[in-house]
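Fold and contact review
Each chain, letter by letter, is given below.
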Amino acid sequence: ARPELLFEPPPVPRPAAAAPPADLPPLADALEPPLEPEPPLEPPLEPEPHPPTLAEDVAEDAFPEADDAASSTASRETLPDPPSAAPSRATRGARPILGRLALCRNDPSLAPYEGLLKARYDLHSSRYDEIVRNEGSLKEFAESYKRYGIHPDVSPGAKPGDVTYVEYAPGAKRLSLMGDFNEWTPWEFEGEKDDFGNWTVKIPNAAGLRHGAAVRVAMETSDGEYFDRIPTWIQQIAPAVQEEGANYHNGVYYDPPQEERHEWRHEKIVDDQNSASTAPTSLRIYEAHVGMSSEAHGYGTYREFADTHLQRISDLGYSAVQLMAVADHAYYASFGYQVTNFFAPAHRSGSPEDLKYLVDKTHGLGMKVLMDVVHAHASDNAIDGLNAFDGTAGHYFHEDPGLGWHKLWGTRMFNYGKYETLRFLLSNLRYWSEEFKFDGFRFDGVTAMLYTHRGVHWDFLGGQSEFYGEHADDDACAYLMLANRLLREECADLKVGKSVVTIAEDVSGQTGVCRPVWHGGLGFDLRLSMGPPDKWAQLANEPDFNWSPSRVLDLVTNRSPEPAVAYLESHDQCLVGDKTFAFNLMDGAMYECMSKSVTPTHPAIERGVALHKMARLLTLALGGEAWMAFMGNEFGHPEWVDFPREGNGFSFQHARRQWSLRENEELFYADLERFDGGLMRCDANHGLLKSNERLERKTAHHVKDDSGVLAFHCGTNLVVCNLHPHESYPYYKIGSEFGGTYELVLDTDATTYGGYGRLQTDTRASTENGACDWQSAGVCLYLPSRSAQVYALVEQWDVPEPDAWGVHYDNDYGYGSDDYDTGGGGDDAGGF
């Protein structure tokens, strides 16, 4: 029988010891003198200014395919490398210098953990090599979805209409496929089991198994227990069957005729300016849940979303759509994060062909499509999902209850050290990428994957010792490294591989998550900047004097230095128990006071509308290299999200989007949506997000808590924000690194965005020579209260170097004296 874990090479038998010669000298005399101690390692090399990405590295080296991958898939034993074999592709791709990973060479704080990181990299490399030996390539391994599951039989001697079913179920003693095609007779078509726990069931054409048939797999264990399950590789799920005392789903044999299959009209979006299909320069993600995208009390569909919402998302200026809850999940209220069927699109929203239609139409509008993939855990549902699939506690999961269950979520945790678990998950990525043309993936729950404690009750305080060693799940790290290599290296078109986007949802801040695999990192492009949204939600409920520039700056920029996706709020912040950011700011006033015809405007609405726009601008400009917004929150959607469940009477009231609010021009919702579009276009035209690339943390050169003013550069653009609740400054001097003329390109106070229009839309201002804010020049601007502006440099001229001793004092410009009421409540004020 095949061992549970195949990654350890078989022990090499030791030759029998020969009899010692009679004249062997005494042991003490035969010992050699001790070796000289090894010289210490050379000092770390200078940090590389900008290491190439993994895809660039692959393109540069053009590694040949490994030529030692000739072993048959019938025998998957781990074999030692032949002595004369060339270095494997994985080993050659690492390019260690003096045996050290670039991740450690460039970060001295990782020196104590260099051995652990190298061992982690070697574990990934050895598993890559084993897969290549057994399967031929990582790509072939990940295309197992074409063999596993239910498919037309193409084996020699098969007849048209014959079907074969392949399943991994080592714990089963008997296994058969049944369905409505044979009136649910359990043992009519029994399978045969190989040495590795794989079952093969043959169903002849005469049995009548056709596309659309409902199916389940029946199994019996060695203990005599009988049960039935949904095949793990099933590609479509039928709606729930309601019976007395039971509520369950069935799998569907999915093999539609050619005329029913979606005909692709558009290819994936590639990041190549010379390509016919060219992606925008920065990633602006629109996070969407198709099921709750309808305003009606019911389930939204793929085709409805594609035909109703995609064009508007594109018009706003977003460059990518991230789809949540794609894989099927029996429990709708789980938001799609308790997956039961990993290869089947969510059945409530339509067929697989409907999902392909959505993806294709998104590509036609020039936007990428990302999938929110859940490979950290699976639902504990045994009737419809993977849990106890073959009657054992293991299968694809850890058998140890301490590792196999998430203590807070109650879900099953994958064992990434199992060969067949890797096959299942890597094939799942390949399936969605190739069959549905997803451009990338947002990996959910990465923190729960990286650590054996799953992040439960663990406060990550920032020390490197928390990331490596006894708490690290190196098997999971090796899987993530393989996954990123698969998506980038194993593509027929290298441009597609270079354009793949992978995002990690990791709250721990582990170093190297967004570094290339050959550096010793996990290979992600971006990580979610998860700290600032929660801090924004907290700040939204605090009074004005707590909105000081220094606090806001620290709130947005206090994140991991690796590339990040900035966002003000995602679906997490507005789940039941919390509120949307707009509702936190304005609360109950949103029910009756959002009309612009009501005069005077309710103070909570006036404040909330202004701060909503300012917070979005500041987060995008300061917070990361990409941007994300959750569906509906771009126009300040009220209340919260709560899916139908027993606790709310299975109501859809909060599991939908009230799109009609933004259509009413008499309400501020329309203005907030227009501002969101203006912000996206400002980034597209002036590169706000691009200015954050290669910066560990963006800094601001003007942070004044007394006046409430914050200013910083985004490239050559100047962003100015006056957080003061009621004090405007008619002639406020701000330092500028560049000399020239600035032009107003975005104003949160514009009337079209629900503001007061205190600045003219064609405002221009020229710099004055002389050091200001430790910058080369200064520019005087009108700063309306509670507003923020973006100024683009439209003319530039040379300026002298700033005086190293130039200091900006408030009194120099007349607004630091007691003549100004700062509105902070006197000497006891916390700000302003």
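Residues numbered from 1 in each chain as written. Predicted model: local features only at pLDDT ≥ 70, side-chain atom pairs only at ≥ 80, totals over all residues. Heavy atoms only, no water.

**Looking at the overall build of the protein chain**
The criterion, for reference: In this description a helix means any DSSP run of H or I spanning at least four residues, a strand means any run of E spanning at least two, and both kinds are numbered starting from the N terminus. Burial classes follow relative accessibility: with a 1.4 Å probe on protein chains only, a residue under 20% of its type's maximum area counts as buried, one over 50% as exposed, and anything between as partly exposed. Calculation of accessible area relied on Shrake-Rupley with a 1.4 Å probe; when residues are assessed, cover is drawn exclusively from the protein chains displayed.
The helix and strand tally for the protein chain stands at 20 helices and 31 strands. Sorting the 832 residues of the protein chain into buried and exposed places 58% on the buried side. A total accessible area of about 34500 Å² is found for the protein chain, and carbon and sulfur atoms account for 51% of it.

**Some details on the packing of helix H18 (residues 603-623) against helix H20 (residues 668-686)**
Spelled out, the test is: Between N-to-C directions, angles cover 0 to 180 degrees, with each direction set by a line fitted to C-alpha atoms, over the stretch in contact for helices. If an angle is under 35 degrees, it is roughly parallel; if it is over 145, roughly antiparallel; if it lies from 65 to 115, roughly perpendicular; otherwise it is oblique. Handedness of a crossing follows from how the near helix is turned relative to the far one, being left-handed for an anticlockwise turn of less than a right angle and right-handed for a clockwise one. In this analysis, two residues are considered to be in contact whenever any of their non-hydrogen atoms come within 4.5 Å of each other. Three categories are distinguished: nonpolar for Ala, Val, Leu, Ile, Met, Phe, Trp, Tyr, Cys and Pro, charged for Asp, Glu, Lys and Arg, and polar for the others, with Gly belonging to the last.
Viewed as axis vectors pointing N to C, H18 and H20 meet at an angle of 15 degrees, and their least axial separation amounts to 11 Å. One way to sum up the angle between H18 and H20 is to call them roughly parallel. Our pair here, H18 against H20, has a crossing hand that is right-handed. Within the contact between the two elements, H18 uses Ile605, Val609, His612, Lys613, Arg616, Leu617 and Leu620 and H20 uses Phe668, Leu672, Phe675, Asp676, Leu679, Met680 and Asp683. Looking at side-chain class alone, the contact of H18 with H20 contains nine nonpolar, one polar and four charged residues.

**Details of the pairing of strand S14 (residues 341-345)**
We apply this condition: Here, strands pair whenever DSSP counts at least two bridges between them.
Counting buried positions along S14 gives five out of five residues, so the element sits mostly inside the fold. Summarising the sheet, strand S13 (residues 327-328) and S14 pair through two bridges and their orientation is antiparallel. The residue of S14 that forms the bridge with Asp328 is Asn341.

**A look at the confidence of the model for the protein chain**
Applied cut-off: pLDDT gives the predictor's per-residue confidence on a scale running from 0 to 100.
The predicted model of the protein chain has a mean per-residue pLDDT of 85, with 83% of residues at 70 or higher. This model gives residues 1-94 a pLDDT under 50, and the stretch forms 120 contacts once residues within four places in sequence are excluded. A low-confidence stretch, residues 808-832 (pLDDT under 50), is modelled with 50 contacts involving residues beyond four sequence positions or located in other chains.

**Description of the packing of aromatic side chains**
Note the threshold: The rule is short: rings of Phe, Tyr and Trp, with Trp giving its six-membered ring, pair when the centres are within 6.5 Å, and they are stacked under 30 degrees, edge-to-face over 60, tilted in between.
Scanning all chains against the criterion turns up 39 aromatic pairs. Seen from their ring centres, Trp187 and Tyr226 are 5.9 Å apart, and the 65 degrees between their planes marks the pair as edge-to-face. Residue Trp187 is found in the loop between strand S3 (172-179) and strand S4 (192-193), and its partner Tyr226 is found in strand S7 (residues 226-229); the two are separated by 39 residues along the sequence. A relative accessible area of 24% means that Trp187 is categorised as partly exposed.

**Side note on the nonpolar core**
The criterion, for reference: Each nonpolar core is a collection of buried residues, namely Ala, Val, Leu, Ile, Met, Phe, Trp, Tyr and Cys, held together in the definition by side-chain atoms within 4.5 Å.
Judged by nonpolar contacts, the single largest core of 155 residues is most densely connected at Leu323, Leu426, Trp432, Phe438, Phe443, Tyr479 and Trp536. Of the residues forming this core, the biggest block, ten residues, is contributed by H18. Apart from the residues within four sequence positions on either side, Trp536 is in contact with Trp547, Val552, Leu555, Val556, Leu568, Phe581, Ala615 and Thr619. Judged by nonpolar contacts, the second largest core, of 25 residues, contains Ala169, Leu175, Phe181 and Trp199.

**Describing the pairing of strand S22 (residues 626-630)**
Judged by how many residues are buried, S22 sits mostly within the fold: five of five residues are covered. Going residue by residue along S22, you find Ala626, Met628 and Phe630 tucked away on one face and Trp627 and Ala629 tucked away on the opposite face as well. As paired strands, strand S11 (residues 283-288) and S22 are joined by five bridges and run parallel to one another. Of the residues in S22, the one forming a bridge with Tyr286 is Ala629. By the bridge criterion, two bridges tie strand S21 (residues 564-566) to S22 in an arrangement that is parallel.

**Considering empty space enclosed by the protein**
What counts is decided by this rule: Buriedness of a pocket was judged along seven lines, with at least five required to meet protein on both sides within 12 Å; pockets are open sets of points on a 1 Å grid over the protein atoms alone, cavities are sets where a 1.4 Å probe fits but cannot get out, and lining residues have an atom within 4 Å of a point. Grid points are joined across faces, edges and corners, and a volume is the space filled by probe spheres set on the points.
The tally for this structure, following the rule as stated, stands at ten cavities of 30 Å³ or more. One number sums up the size of the largest cavity: a volume of about 100 Å³. Taken together, 14 residues line the largest cavity, and the ones lying closest to its centre are His289, Gly291, Ala325, Ala346 and Ser349.

**Some points on the pattern of salt bridges**
For clarity, the threshold we go by: In what follows, salt bridge is the name for a side-chain nitrogen of Lys or Arg lying within 4 Å of a carboxyl oxygen of Asp or Glu.
Tallying each qualifying case throughout the model produces 47 salt bridges. Of the charged contacts, one joins Lys437 and Glu267 as a salt bridge, the two residues approaching to 3.8 Å between their closest N and O atoms. Taken together, the positions of Lys437 in the loop between helix H11 (419-435) and strand S18 (440-443) and Glu267 in the loop between strand S10 (251-252) and S11 put the pair 170 residues apart, joining distant regions of the chain. With a closest N to O distance of 3.7 Å, Glu625 and Arg559 form a salt bridge. Pair noted here: Glu625 is in the loop between H18 and S22 and Arg559 is in the loop between helix H16 (549-557) and S21, with a separation of 66 residues, a long-range link. Residues joined by salt bridges that share partners form a network here, namely Glu143, Lys146, Arg430 and Glu434.

**Notes on the sheet that holds strand S12 (residues 320-323)**
With parallel pairing, eight strands are arranged side by side around a closed barrel as S11-S12-S15-S18-S19-S20-S21-S22. Averaged over all adjacent pairs, the angle separating strand axes in this sheet is 30 degrees, with direction ignored. Inspection of the sheet shows S12 paired to strand S15 (residues 368-373) by four bridges, in the parallel sense. In the sheet register, Leu323 faces S15, and the bridge partner there is Met371. Against the sheet, helix H9 (residues 352-364) makes contact with S12 and S15, and its axis sits at roughly 135 degrees relative to S15, the strand it touches most.

**With respect to the environment of Arg485**
Mapping Arg485 onto the fold places it in helix H13 (residues 474-489). Judged by its relative accessible area of 4%, Arg485 falls in the buried class. For the pair Arg485 and Gly523, spaced 38 residues apart in the sequence, the C-alpha separation amounts to 7.6 Å.

**Focus: the sheet that holds strand S31 (residues 787-797)**
Two pairing modes exist for strands in a sheet, parallel and antiparallel, and in both the strands are linked by backbone hydrogen bonds. Sheet architecture is open: six strands sit in the order S23-S24-S25-S31-S27-S28, paired in antiparallel fashion. One side of each edge strand has no neighbouring strand; the edge strands of this open sheet are strand S23 (702-704) and strand S28 (764-766). Going across the sheet, the axis of each strand differs from the next one's by a mean of 25 degrees, ignoring polarity. Here strand S24 (residues 709-714) pairs with strand S25 (residues 717-722) via six bridges, running antiparallel.

**Some words on the side chain of Asp671**
Going by this rule: Whenever a nitrogen or oxygen atom comes within 3.5 Å of another N or O atom, the pair is scored as a polar contact, on the condition that within protein one atom can donate a hydrogen and the other can accept it, and that pairs from neighbouring residues in sequence are kept only if both atoms are in side chains.
Mapped onto the elements, Asp671 comes out in helix H20. A relative accessible area of 1% means that Asp671 is categorised as buried. Side chain to side chain, Asp671 and Lys596 meet in a polar contact 3.0 Å long. If we ignore the near neighbours within four places in the chain, the residues touching Asp671 are Lys596, Thr752, Tyr753 and Gly754.

**Some details on helix H15 (residues 531-539)**
Here is the rule: The arc in question is traced by the directions running from the helix axis to the C-beta atoms.
For H15, the complete set of buried residues consists of Pro532, Pro533, Trp536, Ala537 and Leu539. Down the axis of H15, the buried side of the element spans an arc of 165 degrees, and every buried residue falls inside it. On its buried side, H15 packs onto H16, helix H17 (581-586) and H18.

**With respect to H13**
Basically, it comes down to this: Here, expected helix span is obtained from the residue count minus one, scaled by 1.5 Å.
Over its 16 residues, H13 extends 22 Å from the first C-alpha to the last, a length consistent with the 22 Å expected when each residue adds 1.5 Å. In terms of burial, H13 is largely enclosed, as 14 of its 16 residues are buried.

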